[in-house]
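# Understanding the architecture of this molecule
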Amino acid sequence: MRKSFLYVWYPFFVLAILFTAIKLHSLGIRASDTNIYFYTAKELLLGKILYKDIFFTNFPLIPYAAAFYYIVSGGNLLFYYFTATLEVILTGGVLYWFTHYQTSSRLSATLTSALYLFSFMILSTSDHQTGVFLAALFSLSSYILFQKKRYFLVGICVALALLTKAYTLPLLITYLVVLFLQNKKQLLTFIYGGVSAGGLILLPSLLFARQGLWRDVFMYSLTRSQGIQKNEIFWFILNHDFIFVLLLISSLFLFRKQRFLSVFSLLSILFFLVYKDVYYLYFNVTLPFLCLSSLPLIDELKKHVSLNRFLFPTIGLVFIIYNLLTYFSGYANLQRLPIENMLKTIKAEKPAYLYGVNGITPALSYLSKTPLLNNLVDTNDNIFRKGYLRADKLTQDAINTHALVITTGAWYPEAQVQEDSLTDAVDKPLLQKYCSLSKRFLFHSEGIVNSVSFFRC
């Protein structure tokens, strides 16, 4: 007898509702690249050309998706943040469906999707919309189509993933390796699909901003300096996502039964070791595959060890509770800005332009309807270190136009640490000579940075 839709899906609906409630509780505008992508989408919709009128260091599918969300929401920045939650739930739903399709087990499907939704990585990074969850959704879709031998569509999904986030490159190489080993005839079909989709998406940029595309994406991204130290990222992952470290390692030994997952895990590790500027966020793309790899691992363990049927559900429950406690202990409000007070200050100051730190200034510009200085959206410190932008020139421009300059700093009077400008986007001597502090806001952030300062010039 065929079971009803509700009977099959209600465990996932419970998980999705719980996850949504958690994300709505922590929803807020933060110091985040999310604000850059949103502002870039607004500029695109005004007719600006990516890589020509807009300096942008990613492939174009992120701002294209952001433009779609912008239209759907009527330009609501808070909704744009929430779209990360929607993408995560959709990926969790695909995991649930595919696991149930393979095993006909609601318990297995529930464990797989819960492992994904309530991993610390997802809980902590889904407060931002960075395109990584869309890339993960395309990546997972490609794997399901691969299992169904729809190789042309696999190529399309991989191209979509790669043009959303370039660090899905290990996924592309995995398909090339696996198809070469097991089905050379279909390798060309896969390539045709990828080239077709990739060419269509890149066509506007290739026609109107070919040099800018090469400069912004390839020259900048391939040569940018390292941000966070890799050993710090490794220990953070080990402390917060130990289960996934075990799954990553164990999948390496399942080559005969799970060739794709094994090769992908190996290439993900190599990517971490070889690529200079990696971040914790990058491993979100690997996560759905590691959740799927838990099933063959459990099956393998059952063959050799007699296990209680409640063991893995119990481990899963403990895993979820621990991650939720850790998330709410300090990560739920990480990077959240006192946005209303900031906007009140800007309204009182009435500056002609805003200029300042990456990830904060675009949001304040959009919400206060105050133009960005020189219409410069992305002011990542790395861009100044590499010489693409000059802090002295832009700071002087801000002074000349009486802009409000926004900086981040470290403000710990009890430890005699009082620094209002810790950014390469501003020339500090010029700022101190010609501008005065208007307002300082404290917020909870990563590392030593804990303040945002407004300077009147």
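Going by the structure above, here's the rest.
To start, this report covers the structure provided alongside it. Predicted, not measured: the structure shown is a model, and the values here were computed from it.

Thresholds, definitions, all that
Residues numbered from 1 in each chain as written. Predicted model: local features only at pLDDT ≥ 70, side-chain atom pairs only at ≥ 80, totals over all residues. Heavy atoms only, no water. Helix = DSSP H or I, 4+ residues; strand = E, 2+ residues; numbered from the N terminus. Rg over C-alpha atoms; globule rule 2.2 N^0.38 Å. Buried < 20%, exposed > 50% of the residue type's maximum accessible area, 1.4 Å probe, protein only. Contact = heavy atoms within 4.5 Å. Areas by Shrake-Rupley, 256 points an atom, 1.4 Å probe, with all protein chains shown as cover. Lys, Arg positive; Asp, Glu negative; His and termini not counted. Charge placed at Lys NZ, Arg CZ, Asp CG, Glu CD. Salt bridge = Lys/Arg side-chain N within 4 Å of Asp/Glu carboxyl O. Pairing = 2+ DSSP bridges. Patch = residues over 30% accessible without salt bridge, like charges linked within 9 Å, V, L, I, M, F, W, Y side chains within 5 Å.

Turning our eyes to something else, we now look at the overall build of the protein chain. Check the secondary structure of the protein chain and you find 21 helices and five strands. In summary, the protein chain has a C-alpha radius of gyration of 23 Å against a globular reference of 23 Å for 457 residues, a match within 12%. With respect to the three principal axes, the spread of C-alpha positions in the protein chain is 75 × 50 × 40 Å. The 457 residues of the protein chain split such that 55% are buried. For the protein chain, restricting intrachain contacts to residue pairs at least 6 apart in sequence, the fraction spanning at least 24 positions comes to 74%. Surface exposure of the protein chain reaches about 21,400 Å², of which carbon and sulfur atoms provide 64%. Counting 39 positive and 23 negative side-chain charges, the protein chain places the averaged centre of each group 12 Å from the other.

Bringing the pattern of salt bridges into the picture now. For the coordinates displayed, the defined rule picks out twelve salt bridges. A salt bridge links Asp 127 to Arg 30, with the shortest nitrogen-to-oxygen separation between them at 3.8 Å. With Asp 127 in the loop between α6 (120–125) and α7 (132–147) and Arg 30 in the loop between α1 (5–25) and α2 (34–45), the pair connects residues that are 97 residues apart, well separated along the chain. Summarising the burial analysis for this pair, Asp 127 and Arg 30 share the class buried. A salt bridge links Asp 424 to Arg 385; the nearest nitrogen and oxygen atoms lie 2.8 Å apart. Here Asp 424 is found in the loop between β3 (417–419) and α21 (428–434), whereas its partner Arg 385 is found in helix α19 (residues 381–385), with 39 residues between them in sequence. Overall, Asp 424 belongs to the partly exposed group, its relative accessible area being 33%.

The next subject is the pairing of strand β5 (residues 451–456). The buried fraction of β5 is high, at five of six residues. With six bridges connecting them, strand β4 (residues 436–442) and β5 associate as antiparallel partners. The residue of β5 that forms the bridge with Lys 439 is Phe 454.

Together, Phe 5, Leu 6, Tyr 7, Tyr 10, Phe 13, Val 14 and Ile 17 line one region of the surface with nonpolar side chains, adding up to about 740 Å² of accessible area. Looking at the secondary structure, you find Tyr 10 in helix α1. Given the relative accessible area of 42%, Tyr 10 is considered partly exposed.

This paragraph deals with the environment of Ser 4. Mapped onto the secondary structure, Ser 4 falls in the segment before α1. The exposure class assigned to Ser 4 is partly exposed, which follows from its relative accessible area of 44%.

With that settled, consider unusual backbone geometry. Most peptide bonds adopt trans geometry, and most residues besides glycine take a negative phi value. We note that Tyr 51 has phi near 70°; this positive angle belongs to a residue other than glycine. Looking at the element boundaries, Tyr 51 is found in the loop between α2 and α3 (61–73). You can call Tyr 51 buried: its relative accessible area is 1%. With phi around 55°, Asn 375 is a residue other than glycine that occupies positive phi space. Take Asn 375: it is sitting in the loop between α18 (361–368) and α19.

Limitation: the analysis is restricted to geometry and does not speak to function.
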